[in-house]
Amino acid sequence: MGRNQIDEKLIDYTVFLNANTYLGVSGVQLPSLEMMSDTLKGAGIAGEIDSITPGHFGPMPITLNWRTSPTKEAIELMKPKAHLIDFRGAIQVFDKTTSEYKTVGKKITVKAMPKKLDLGKAEAATTMDGSTEMECIYLKIVEDGKKLIEIDKLNNIYVVDGFDYRAELRSILGL
């Protein structure tokens, strides 16, 4: 986004399994990205520094929330393998220069493995509020056709804004 544009909100989104099977989810909690770190202290350092290791991330859980449960889709996601899931969103942006709204596409792709299926609750005339919790091992965010971030834990890839911060490491390690 340029400085003359304001990201306002997510207009709507869809969720697809393996790029073509629509998943009927009502809500998604996307992963939080927290780099692994270690405390650095010693002679010549005035205190402590939480030193990050670029490209190393802690657990990246993702939760898909179901209106009813167990759905066919929730059961499918319990297969013990990595599932490729796409979140395709439409972002409402206000352009301050033209005073007009525009829509920007955002796609978040994850590979995630199942951890937990919460069947929810049973109460008449209400949603069941079940959920599927998964561990994300791959994440890529593309906005308006541009890759913003890519994290691939198993292939040592960490790309931010087009720069691969793990490329030199992979070369050193012969990967």
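For the structure, check the block above.
Residues numbered from 1 in each chain as written. Predicted model: local features only at pLDDT ≥ 70, side-chain atom pairs only at ≥ 80, totals over all residues. Heavy atoms only, no water.

J.: It is not clear to me how the layout of surface pockets should be interpreted in this structure. Could you clarify?
T.: One simple way to see leftover space: roll a probe sized like a water molecule over the atoms. Estimated volume of the largest pocket: approximately 210 Å³. Taken together, Leu10, Tyr13, Gly27, Val28, Leu30, Phe87, Arg88, Gly89, Ile91, Lys106 and Ile108 make up the full set of residues lining the largest pocket. Listing elements by their share of the lining of the largest pocket, those giving two or more residues are β1 (5–17), β3 (27–29), β7 (83–95) and β8 (100–118). Ranked by residue count, the leading element in the lining of the largest pocket is β7, at four residues. Grouping the amino acids of the lining of the largest pocket by side-chain chemistry returns seven nonpolar, two polar and two charged. (1 Å grid on protein atoms, 1.4 Å probe; cavity = no way out; pocket = protein on both sides within 12 Å on 5 of 7 lines; lining within 4 Å. Points joined across faces, edges and corners; volume = space filled by probe spheres on them. Helix = DSSP H or I, 4+ residues; strand = E, 2+ residues; numbered from the N terminus. Nonpolar A, V, L, I, M, F, W, Y, C, P; charged D, E, K, R; others polar.)

J.: Got a minute to help me understand unusual backbone geometry in this structure?
T.: Excluding glycine, residues mostly carry a negative phi; peptide bonds, for their part, are mostly trans. Even without being a glycine, Ala125 presents a positive backbone phi close to 65°. Of note, Ala125 is situated in the loop between β8 and β9 (130–143). Its identity is not glycine, yet Asn156 carries a phi of approximately 55°, on the positive side. Structurally, Asn156 is set in the loop between β10 (146–152) and β11 (157–160).

J.: Is there a simple way to think about the packing of aromatic side chains in this case?
T.: The geometry of an aromatic ring pair comes down to the distance between the two centres and the angle between the two planes. Tallying each qualifying case throughout the model produces five aromatic pairs. Note on Phe94 and Tyr101: the rings are 5.2 Å apart at their centroids and 70° apart in plane angle, and the pair reads as edge-to-face. Here Phe94 falls in the partly exposed class, since its relative accessible area comes to 21%. Look at Tyr101 and you get exposed, because its relative accessible area is 52%. Relative to Tyr165, the ring of Tyr158 lies with its centre 5.8 Å away and its plane at 40°, an arrangement referred to as tilted. (Phe/Tyr/Trp six-rings, centres within 6.5 Å; stacked < 30°, edge-to-face > 60°. Buried < 20%, exposed > 50% of the residue type's maximum accessible area, 1.4 Å probe, protein only.)

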